[in-house]
Amino acid sequence: MTDQTPRGDSGPELAAVVAGGTVDVPDFPKPGIGFKDLMPLFADGPAFHKVIDGIVAHYPGGFDVVAGVEARGFVVAAAVAYATGSGVVPVRKAGKLPRKALSASYALEYGEATLEVHEDAFIAGQRVLVVDDVLATGGTAGAALDLVERAGGTIAGFTVLMELAFLKGRERLAPREVHALLTV
C-alpha cells in the first residue's frame, strides 16, 4: 500500500470505492469549508451496493434497527435496513418530527445545530446501528449516539462513509468504536 492508497476500516478496496464516488466542493456551505459530496457514490448502483454490503459485513452479530442522521445518513440507513430486514429510524434536524421528541444541541465545525429523535423511536434495549455520511468534529455523531441511548436504544455500532481524521472526531467519540469506510 502506498501513501496514495485510500484507507479505511474495511480495507483499501472499499475505501477506494467511497473515494471514487466523492466530489470535493470548496467553500460550501460557507467560505473555508470543503464539502464532501457523496451524491455521485449514491448514484452509482454497483458502487453503492458494495458500500452497503461492506457496512453489513462489518456487523456479523447484527442489529435490530438502523438510525440514519439527517440527511445523507437517511440514504445509507434505509439501504442498510433494507439489506438486513431491519427497521429504520430518522435522527432529524430540530422541528422536523411530528410527535414528542428528545433533542440534543452540538457544535459543528461551522456553527451550531440540534438533532431530534422521537421519544418512542426504540424499544428498550433494541440494538441500534447509527449511520451517517461524514465524521468531522464528532459533534453530530456524539449527539446522535446520545439521543439513541436516551430514547432507550443500545448502540450496536456507528458507521460513516468518510472520516475527516484531521478534525479528530474519532478521538472525541472515544471510547465508542467508529467504523469509517474511508479515512482522509
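Refer to the structure presented above.
Asks: Quick rundown of the nonpolar core? Include the residues and the values.
Replies: In this structure, V18, V51, I55 and L161 are the most contacted members of the largest nonpolar core, which totals 29 residues. Mapped onto this core, the elements with two or more residues apiece are helix 1 (12-20), helix 2 (39-43), helix 3 (45-58), helix 4 (72-84), strand 7 (127-135), strand 8 (154-163) and strand 9 (179-183). Excluding residues that lie within four positions of it along the chain, L161 makes contacts with V18, L38, L41, F42, V51, I55, V76, D132, D133, L181 and L182. Counting 26 residues, the second-largest nonpolar core is a separate cluster that includes A104, L115, V128 and A144.

Asks: Give a description of the packing of helix 1 against helix 3 that names residues and reports values.
Replies: Following both chains from N to C, one finds helix 1 and helix 3 inclined at 135°, their axes separated by 10 Å at the closest point. Judged by the inter-axis angle, helix 1 sits oblique to helix 3. When you trace helix 1 past helix 3, the crossing you get is left-handed. For the pair helix 1 and helix 3, the contacting residues are L14, V17 and V18 in the first and A47, K50, V51 and G54 in the second. A per-class count over the contact of helix 1 with helix 3 returns five nonpolar, one polar and one charged.

Asks: Summarise the side chain of D133; cite the residues concerned and give the values.
Replies: Among the structural elements, D133 can be located in strand 7. Since its relative accessible area comes to 8%, D133 is described here as buried. When near neighbours in sequence (up to four residues on either side) are disregarded, D133 contacts L38, R72, G73, V160, L161 and M162.

Rules and cut-offs
Residues numbered from 1 in each chain as written. Predicted model: local features only at pLDDT ≥ 70, side-chain atom pairs only at ≥ 80, totals over all residues. Heavy atoms only, no water. Core = buried A, V, L, I, M, F, W, Y, C linked by side-chain atoms within 4.5 Å. Buried < 20%, exposed > 50% of the residue type's maximum accessible area, 1.4 Å probe, protein only. Helix = DSSP H or I, 4+ residues; strand = E, 2+ residues; numbered from the N terminus. Contact = heavy atoms within 4.5 Å. Axes fitted to C-alpha atoms, helices over the stretch in contact; angles between N-to-C directions. Parallel < 35°, antiparallel > 145°, perpendicular 65-115°, else oblique. Left-handed = near helix turned anticlockwise from the far one by under 90°. Nonpolar A, V, L, I, M, F, W, Y, C, P; charged D, E, K, R; others polar.

The values are spatial; any link to function lies outside them.
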